[in-house]
Amino acid sequence: MAYISINFDNYRHNLELLAKKAGDINKVIAVLKDNAYGHGLLEMAPLAAAVGVKWAAVKNKYEASIVEPFFERVLILVDVPSSEVNDKWVFAAHSLESIAKMPEGTTIHLKVDTGMHRNGVMMNEVDEACALIHEKKLNIEGAMMHHSSADIVGTTYFVQKENFEMVKQRLQEFSSKYGFKDLKFHSCNSAALLRHEGSFDEDFARVGIASYGYTDLPSAFGTYDLKPVLSLWAEKVSTRMLEKGDRVGYGGVFEAPKAMRVSTYDIGYGDGFSRYDGKSDLAIADGRPILGRVSMDSLSIEGNDDKVCLFKDARGLASHFNTISYEIVTKLATWIVRKVEGSH
Ligand SMILES: *Cc1c(COP(=O)(O)O)cnc(C)c1O
């Protein structure tokens, strides 16, 4: 069956490069949300821990419960707390409304909207948020923001950074008033950390895509020696000989220009591989084109190999489908077996 190969050496290499940027592996929060960007939560969590990462970030409580044994703390980015108390779980608090509903004692990092306008309390709600956190007896351990434009040349990145500096100051003032202890601050995703220059003075950086080997930073910011971690493989289901003029797959979009041997492999759009329509050229890792349309569970390639590598670097598919490497890897179905290769 189709499988995903995880290259642990590359993952370690990327994490170590990011740890160097952040100054310390203890400052790296490995973002493992959405099944570790499709790489496999259960496979990636122990690998991150083996490199020395102490904090993970996930989407919801379900993911948190899976990765929890491997980390000191787990930051839950989207889900809301329930009354079950768990010492390791830290919830991102996204609004006054959600803070008001949190059970007493919930550990939170306050998310502040410094300009992305997606989540977080507004800057002018920070005072009210602090009062509410105090009143509700929540355990605030830090504050965070998210960049909307860290991988774009422009001023937004700097405006958000400055805004967060103001937020930090304000929170420090409230710390003495309400007795919040030793707040931790973090603002960077992969792109923001990679483009950061000089010593890194925040407590954490939340790194996702760069740890998996990709960045969309324009080369103006420099180039980074990141190595893709995931490759996708499929196995042969059947082989046949075609004559010139025979057609392959739905709609017969591919027409054999000559007699040729064609094999069908067990990956398709039902497995999260994008549905190529067979029209403009799209090649697998070794350069051979996909013949005709991708089916739900299969696709066709010339030749007779027992298995083929669909991609080792998601950027080719991302560019073909006018999307980003994040989407190509994250969409890969959970049931595809993940095999970890490399020294560990
Ligand atoms: C997904 C996410 C990240 C990681 O972003 P990358 O660009 O993949 O590094 C960081 N912080 C938050 C809040 C996120 O949702």
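Structure first, text after, so check above.
The following refers to the structure shown. Just so you know, these numbers come straight off a predicted model, no measurement behind them.

### A few points about the site of the ligand
Taken together, V31, K33, Y37, L77, H146, N189, S190, R206, V207, G208, I209 and Y326 make up the full set of residues near the ligand. Separating an oxygen atom of the ligand from a backbone N or O atom of I209 is a distance of 2.8 Å. When the ligand sits alone it has 390 Å² of accessible area, and the protein chains cover 93% of it. Among the secondary structure elements, those contributing two or more residues to the shell around the ligand are α2 (33-37) and β10 (204-207). Its residues assigned to classes, the shell around the ligand comprises six nonpolar, four polar and two charged.

### Describing the pairing of strand β2 (residues 28-31)
Along β2, one buried face is formed by V28 and A30 and the opposite face, lined by I29 and V31, is buried too. Sheet topology note: the β2/β10 ladder contains three bridges and is parallel. By the bridge assignment, A30 is partnered in β10 with V207. Note: β2 against strand β3 (residues 55-58), three bridges, orientation parallel. Following the sheet pairing, V31 is matched in β3 by A57.

### A few points about the packing of helix α6 (residues 126-135) against helix α7 (residues 156-178)
Look at α6 against α7: their axes get within 11 Å of each other, and the N-to-C directions meet at 30°. Judged by the angle between their axes, α6 and α7 are roughly parallel. At the point where α6 passes α7, the crossing takes the right-handed sense. For the pair α6 and α7, the contacting residues are V126, D127, C130, A131 and H134 in the first and R170, L171, F174 and Y178 in the second. Residues that form the contact of α6 with α7 fall into these classes: six nonpolar, one polar and two charged.

### A short note on the pattern of salt bridges
Per the counting criterion, the structure on display carries 14 salt bridges. Here K59 makes a salt bridge to D34, at a shortest N to O gap of 2.7 Å. Here D34 lies in helix α2 and K59 lies in the loop between β3 and α4 (61-67), a separation of 25 residues in the sequence. Between E173 and R170 there is a salt bridge, with the nearest N and O atoms lying 2.7 Å from each other. Of the two residues, E173 and R170 both sit in helix α7, three residues apart, roughly one turn of that helix. With a relative accessible area of 34%, R170 lands in the partly exposed category. Through salt bridges that share partners, D127, R170 and E173 make up one connected network.

### Thoughts on the environment of S190
For S190, the location among the structural elements is in helix α8 (residues 190-195). Accessibility expressed as a relative area gives 3% for S190, which makes it buried. Along the chain, S190 and K244 lie 54 residues apart, while their C-alpha atoms are 50 Å from each other. The residues touching S190, leaving out its near neighbours within four places in the chain, are R206, V207, G208, I209 and A210. A distance of 3.3 Å separates the side chain of S190 from the backbone nitrogen of G208, its partner in a polar contact. Polar side-chain contacts of S190 include one of 3.1 Å to the backbone nitrogen of A210.

### A short note on the packing of aromatic side chains
Counting across every chain of the model gives 10 aromatic pairs. Seen in terms of ring centroids, F174 and Y178 are 5.7 Å apart; in terms of plane orientation they differ by 15°. Their pairing is stacked. Within this pair, F174 and its partner Y178 are both found in helix α7, separated by four residues, close to a single helical turn. Ring pairing ties together the aromatic residues Y11, Y37, Y212 and Y326, which thus form one cluster. Residue placement shows R195 over the ring face of Y157; its charged tip is 3.6 Å from the ring centre. A cation sits over an aromatic face here: K339 above Y3, 3.8 Å from the ring centre.

What counts and what doesn't
Residues numbered from 1 in each chain as written. Predicted model: local features only at pLDDT ≥ 70, side-chain atom pairs only at ≥ 80, totals over all residues. Heavy atoms only, no water. Near = heavy atom within 4 Å. Polar contact = N/O pair within 3.5 Å; in protein donor to acceptor, adjacent residues only side chain to side chain. Areas by Shrake-Rupley, 256 points an atom, 1.4 Å probe, with all protein chains shown as cover. Helix = DSSP H or I, 4+ residues; strand = E, 2+ residues; numbered from the N terminus. Nonpolar A, V, L, I, M, F, W, Y, C, P; charged D, E, K, R; others polar. Buried < 20%, exposed > 50% of the residue type's maximum accessible area, 1.4 Å probe, protein only. Pairing = 2+ DSSP bridges. Axes fitted to C-alpha atoms, helices over the stretch in contact; angles between N-to-C directions. Parallel < 35°, antiparallel > 145°, perpendicular 65-115°, else oblique. Left-handed = near helix turned anticlockwise from the far one by under 90°. Contact = heavy atoms within 4.5 Å. Salt bridge = Lys/Arg side-chain N within 4 Å of Asp/Glu carboxyl O. Phe/Tyr/Trp six-rings, centres within 6.5 Å; stacked < 30°, edge-to-face > 60°. Lys NZ or Arg CZ within 6 Å of the ring centre and 35° of its normal.

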